[in-house]
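Each chain is listed here by its residues.
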Amino acid sequence: MEILIEIGGVRFLFDSDCDIIVEDAIAPFFSTRKYVNTVNIRLIHDFSDAPLPTGPMLGDDVLMEYYRQGEQLLCLTKGGQGTYLSSCLCSPDLREMTCWLNFPAGSAVDTLGNLIRMIPLRRILLQRGVLFFHASQIALGGTGILFTAPSGTGKTTQARLWREFRGAEILCNDRTLTDGVITYGFPVDGSEPVCSSEQRRLGAIVVLAQAPENTVRRLKAREVLPRLLSQLVLDIWDPNAAALASGLLLDLIPRTPVYLLECTPDESAVQCLEQQLHKDGVIPYAENPGPHL
C-alpha cells in the first residue's frame, strides 16, 4: 500500500507491506504530485530484523533515540519499559528510510498519524528549509499570522478571539510550519487539533506575553532570534540543528515583522494588534477573505 502526503511543502511516500489506517484529519494532506525529491519510507511490520544501535547515542528526546549507524542515521521510537515501537534507518540525505515496526498490522497504533511520528520529521523539514513552530495560526484572507509563546500563555485564546471578533480562520492551534514565505498546517496538531493543509503568505509572527494591559511593539532584529529559537521544535541535542535554524531565522527577519504583544485575553488585545498590523501594512484596513496560495 502506498500513501503520498505533503507536509510543509515536502512530499512523503509511505510504502507499507500492509494496509494503513488513515485518520480523517490527515486526508487533506494527501498529494498526487510525486517528484524526485520525495522522501521515501518503506514500512515493514516485522521487528525481528530491525537494526539496533551498535554505537553511542547521539541524543534523545521524549519520543526518540538517535544513533549513527555507519553513515546512516538510526532513529528508535521509544515504547514502554525499555522497548521500542520502531527502528528507522535513514540515508545520510534523509531521502530514503526503512522503518521496522514493533506492532502488528491493523492494530490501534498502526495509523498514519502514528507512523508520521516514527520518522525524524523535524530533521527532514529543517534540512529542507522548513521551520517547525509551537504556534497557533490564523488566516486573514491570503495572509497568515502566527501566535507563538510557551504553553499556557494564550496562543489558542488569541486565535479564537480573532475568529470571534474579526472572522479570522484558525489554521493551526499548536503547531505551524513555515519556510519563511509560506505557512503550512500540520497534520498532528496537539491536544486540540486543527489539521488544515491550506497554505498562506506569511504576514507576521507575534510573540505573546500575558499582561494586565495591552501593548505591542515590533521587535528589533537582535531580539528576534532568541525569542523565536525558543519556540521552535528542534533536536536540542544537535548543535547543527540550532545553527541551521538560526540561519533560516536570519533570512526570515528582514522580510517578516515579528512583534511582542503583551496582552489580556479579550477583544482589546485584538484591537491593539490590529492597529499595528494595519499601520505596518501587514493587513489592509478592509481585509476581506480572499483566495489563498
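Residues numbered from 1 in each chain as written. Predicted model: local features only at pLDDT ≥ 70, side-chain atom pairs only at ≥ 80, totals over all residues. Heavy atoms only, no water.

Of note, Gln81 is a non-glycine position whose phi angle comes to about 55°, a positive value. You can see Gln81 is positioned in the loop between β6 (72-78) and β7 (84-90). Of note, the phi angle at Leu94 is positive, near 60°, even though the residue is not glycine. (Helix = DSSP H or I, 4+ residues; strand = E, 2+ residues; numbered from the N terminus.)

Time to look at the pairing of strand β8 (residues 96-101). In summary, the side chains of a regular strand alternate between the two faces of the sheet. Relative to β8, strand β3 (residues 39-44) is paired through 5 bridges, and the arrangement is parallel. For Ile41, the partnering residue across the bridge sits in β8 and is Met97. Where β7 and β8 come together, 5 bridges link them in antiparallel fashion. Its bridge partner being in β8, Ser87 is matched across the sheet by Trp100. (Pairing = 2+ DSSP bridges.)

This next bit is on the confidence of the model for the protein chain. Reading predicted coordinates in detail is not appropriate for stretches of low pLDDT. In the predicted model, the protein chain carries a mean pLDDT of 91, and the fraction of residues at 70 or more is 95%. Long-range and interchain partners of residues 287-293, a stretch whose pLDDT sits below 50, account for 14 contacts in this model, where long-range means more than four residues apart. (pLDDT = per-residue confidence, 0-100. Contact = heavy atoms within 4.5 Å.)

Every α-helical turn comprises 3.6 residues, leaving residues that sit three or four positions apart pointing alike. Among the residues of helix α4 (residues 221-229), those classed as buried are Glu223, Val224 and Leu228. The buried residues of α4 occupy an angular sector of 110° when projected down its axis, which confines them to one face. What points out from α4, more than 90 degrees from its buried face, is the exposed set Arg222 and Pro226. Lining the buried residues of α4 we find β9 (131-140), β10 (143-148), β14 (199-210), β15 (215-218), α5 (239-252) and β16 (258-263). (Buried < 20%, exposed > 50% of the residue type's maximum accessible area, 1.4 Å probe, protein only. Arc of directions from axis to C-beta.)

A few words on the side chain of Ser136. Relative to the helices and strands, Ser136 is located in strand β9. For Ser136, a relative accessible area of 0% gives the class buried. At 2.5 Å, the side chain of Ser136 forms a polar contact with the backbone oxygen of Asn173. (Polar contact = N/O pair within 3.5 Å; in protein donor to acceptor, adjacent residues only side chain to side chain.)

The terminal C-alpha atoms of helix α6 (residues 267-279), which comprises 13 residues, lie 19 Å apart, in line with the 18 Å expected from a rise of 1.5 Å per residue. The set of residues buried in α6 consists of Ala269, Val270, Cys272, Leu273, Glu274, Gln276, Leu277 and His278. Along its buried surface, α6 packs onto β10, α3 (155-166), β14, β15 and β16. Phi turns positive one or two residues past the end of α6, at Gly281, with a value near 75°. (Expected span 1.5 Å × (residues − 1).)

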